[in-house]
Each structure stands twice: as C-alpha cells, then as structure tokens.
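# An overview of the molecular structure
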Amino acid sequence: MIEVIGKVIFLFCEILTIALLFRSLTSLISTVKTNRTTNLLYLVTEPILVPLRRILPLSSRVDYSPFVAIAILQVIILITGLI
C-alpha cells in the first residue's frame, strides 16, 4: 500500500515539475496569457508558487519561485524513490 502511495506522489511531483518548466518557458517567450494551454499552466502552478513568493525576497525582475518549487519537488521525488 505504501508503495502505491509513493508512486502516486512521485507521478504527481513529476507532472508538476513538467508544468512548472513549461510555465517558465512560456513566461520567457510571451507575457500574454490568452492561450488556453498557458491559462491551464497558470491555473495548475499558481497555488504552488504564491506561497513561495511570500517567503522569497523580491528581486529585480526575476521570479525565482518556479526554480525553488522545482527543487522542492525534486527532493520529494528523491525521497519517494527511496521508499
């Protein structure tokens, strides 16, 4: 049972990591959020990034919260891979 839970968490973190990577890439390419795919990426990733933005200090124009979120997700993936 615990292996199944670990695999579900692993898969969930992998999907979120990919979504965060795509969101970061789309934010570099375009600032317009009218595309359905872009809207979906923001809908999925924003609940993860908002708390991190509150914690992280503001920098010039770079939003580091996606990178921190990906790092946290990778640690969770590493831990669930050990279970």
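My aim in this report is to walk through the structure given alongside it, one point at a time. Treat the numbers as computed from the prediction; the structure is a model and nothing was measured. (Residues numbered from 1 in each chain as written. Predicted model: local features only at pLDDT ≥ 70, side-chain atom pairs only at ≥ 80, totals over all residues. Heavy atoms only, no water.)

### A closer look at the overall build of the protein
Basically, it comes down to this: Put simply, DSSP H or I for four residues or longer makes a helix, DSSP E for two residues or longer makes a strand, and each gets a number counted from the N terminus. Note on contacts: a residue pair qualifies if any of its non-hydrogen atoms lie within 4.5 Å across the two residues. The Shrake-Rupley method, run with a 1.4 Å probe, gives the accessible areas here. Residue values count only the displayed protein chains as cover. For the purpose of charge, His is not counted, nor are the chain termini; Lys and Arg are scored as positive and Asp and Glu as negative. For charged residues, the charge sits on one atom: NZ in Lys, CZ in Arg, CG in Asp, CD in Glu.
Each helix and strand counted, the protein has 3 helices and 0 strands in total. Starting at the N terminus and walking to the C terminus, you meet the elements of the protein as α-α-α. Oriented by its inertia axes, the alpha-carbon framework of the protein measures out at about 45 × 30 × 15 Å. Taking as baseline every contact in the protein between residues at least 6 positions apart, the subset at least 24 positions apart corresponds to 53%. When the accessible surface of the protein is split by element, carbon and sulfur atoms take 73% of a total near 6300 Å². If you average the places of the 7 positive and of the 4 negative side-chain charges in the protein, the two averages end up 12 Å apart.

### Here's the deal with the layout of surface pockets
For the record, the criterion: In this analysis a 1.4 Å probe is tested at points of a 1 Å grid over the protein atoms alone, and where it fits but cannot get out there is a cavity; an open set with protein on both sides within 12 Å along at least five of seven lines is a pocket; lining residues have an atom within 4 Å of a point. Grid points are joined across faces, edges and corners, and a volume is the space filled by probe spheres set on the points. Gly is put with the polar residues, along with every residue not named as nonpolar or charged; the nonpolar set is Ala, Val, Leu, Ile, Met, Phe, Trp, Tyr, Cys and Pro, and the charged set is Asp, Glu, Lys and Arg.
As a volume, the largest pocket reaches approximately 340 Å³. Considering the residues around the largest pocket, the lining is formed by 13 residues, among which Ser24, Ser27, Leu28, Val62 and Asp63 are closest to the centre. Sorting the residues of the lining of the largest pocket by element identifies helix 1 (2-29), helix 2 (36-55) and helix 3 (65-82) as the ones contributing at least two each. No other element matches helix 1, which puts 5 residues into the lining of the largest pocket. Tallied by class, the residues present in the lining of the largest pocket amount to 7 nonpolar, 2 polar and 4 charged.

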